[in-house]
Amino acid sequence: QKEVEQDPGPLSVPEGAIVSLNCTYSNSAFQYFMWYRQYSRKGPELLMYTYSSGNKEDGRFTAQVDKSSKYISLFIRDSQPSDSATYLCAITGGYQKVTFGIGTKLQVIP
Amino acid sequence: EAQVTQNPRYLITVTGKKLTVTCSQNMNHEYMSWYRQDPGLGLRQIYYSMNVEVTDKGDVPEGYKVSRKEKRNFPLILESPSPNQTSLYFCASSPQNSGANVLTFGAGSRLTVL
């Protein structure tokens, strides 16, 4: 079983839709949960991170962590064509190794 | 501008010809790491370094070497490249003052080994 599972998609939605991206993980020791966005031909860049269970909001983006289910989500409200990218979840127990999901490719159609 | 710089961005080489991919960061970060990204496999860690002269293997270290002689530089060395090392490589760094180990990535180096 992989430490982090993520559906690779692709996911195609119309502009303005609410997007839900998800990952599951297996190691209950993980404490920090991150989402990176990767545009084509670019390196990943951090969108947001959360510590432990709960929600965190940043503009149109909301990250949600449910440690009891080992499930993390990223919601994008009012999706825009500029949100078209690959979204990678990333999880760490702290400081050292960061384990990435495979990434979900999102396309927002105008 | 705070950034991680990798060179070269694109490289085509032949089997067995030694090459080095350079990585430099200007943020005074202690932690640096190399990843490779392959379709269907995602990002996999090759090597990482917690500080100068301290390096350790990641998940896929075979066929690679690294060194950390200065804080800002973390080159990736392929002593005898093989076609299975054809991949997209990313260098990343973090300040290691946060438990989240938030990484700043370079733009990537696409390597093709013939």
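Above this text is the structure in question.
Engineer: Mind showing me how you'd approach the interface of chain A and chain B here?
Structural biologist: Tallying the contact residues gives 20 residues for chain A and 24 residues for chain B. Buried area between chain A and chain B, summed over both chains or domains, comes out near 1800 Å², and the portion from carbon and sulfur atoms is 57%. The interface formed by chain A and chain B holds one salt bridge in total. As a salt-bridge pair, Lys 97 of chain A and Asp 59 of chain B come within 2.8 Å of each other at their nearest N and O atoms. Our count for the contact surface shared by chain A and chain B stands at three residue pairs in polar contact (both at pLDDT 80 or more). Broken down by secondary-structure element, the contributors of at least two residues to the side of chain A that touches chain B are β4 (32–38), β5 (45–51), β9 (85–92) and β10 (98–100) of chain A.

Engineer: Is there a simple way to think about empty space enclosed by the protein in this case?
Structural biologist: A probe matching the size of a water molecule, rolled over the atoms, marks out where space remains unfilled. All names here are of chain B. The tally for this structure, following the rule as stated, stands at one cavity of 30 Å³ or more. Taken as a whole, the largest cavity holds about 30 Å³ of empty space. Considering each element in turn, the lining of the largest cavity owes the most residues, three residues, to strand β11 (residues 109–113). Of the residues belonging to the lining of the largest cavity, the class tally is five nonpolar, one polar and one charged.

Engineer: Would you take a moment to explain the sheet that holds strand β7 (residues 65–66) of chain B for this structure?
Structural biologist: By way of backbone hydrogen bonds, the strands of a sheet pair with one another, either parallel or antiparallel. In spatial order, the strands read β1-β3-β8-β7 (chain B); together these four strands make up an open sheet with antiparallel pairing. Lying at the two open borders of the sheet, with one neighbouring strand each, are β1 (4–7) and β7 of chain B.

Engineer: I'm lost on the layout of surface pockets in this one. Help?
Structural biologist: Within this model, the largest pocket holds a volume of roughly 750 Å³. Contributing to the lining of the largest pocket are 35 residues, with Gln 38 and Thr 86 of chain A together with Gln 37, Leu 88 and Arg 110 of chain B lying nearest its centre. Those elements giving two or more residues to the lining of the largest pocket turn out to be β9 and β11 (104–109) of chain A together with β4 (31–38), β9 (87–94) and β11 of chain B. Each residue belonging to the lining of the largest pocket can be placed in one class, and the counts come to 14 nonpolar, 15 polar and six charged. Here the second largest pocket defines a volume of roughly 290 Å³. Taken together, 16 residues form the lining of the second largest pocket, with Thr 99 and Phe 100 of chain A together with Leu 41, Leu 43 and Arg 44 of chain B sitting closest to its centre. Elements with a minimum of two residues in the lining of the second largest pocket: β10 of chain A together with β5 (42–51) of chain B.

Reading the values: rules and limits
- Residues numbered from 1 in each chain as written.
- Chains lettered and ligands numbered in written order.
- Predicted model: local features only at pLDDT ≥ 70, side-chain atom pairs only at ≥ 80, totals over all residues.
- Heavy atoms only, no water.
- Contact = heavy atoms within 4.5 Å.
- Buried area = accessible area lost by both parts, 1.4 Å probe.
- Salt bridge = Lys/Arg side-chain N within 4 Å of Asp/Glu carboxyl O.
- Polar contact = N/O pair within 3.5 Å; in protein donor to acceptor, adjacent residues only side chain to side chain.
- Helix = DSSP H or I, 4+ residues; strand = E, 2+ residues; numbered from the N terminus.
- 1 Å grid on protein atoms, 1.4 Å probe; cavity = no way out; pocket = protein on both sides within 12 Å on 5 of 7 lines; lining within 4 Å.
- Points joined across faces, edges and corners; volume = space filled by probe spheres on them.
- Nonpolar A, V, L, I, M, F, W, Y, C, P; charged D, E, K, R; others polar.
- Pairing = 2+ DSSP bridges.

Purely spatial values, then, with no claim about function.
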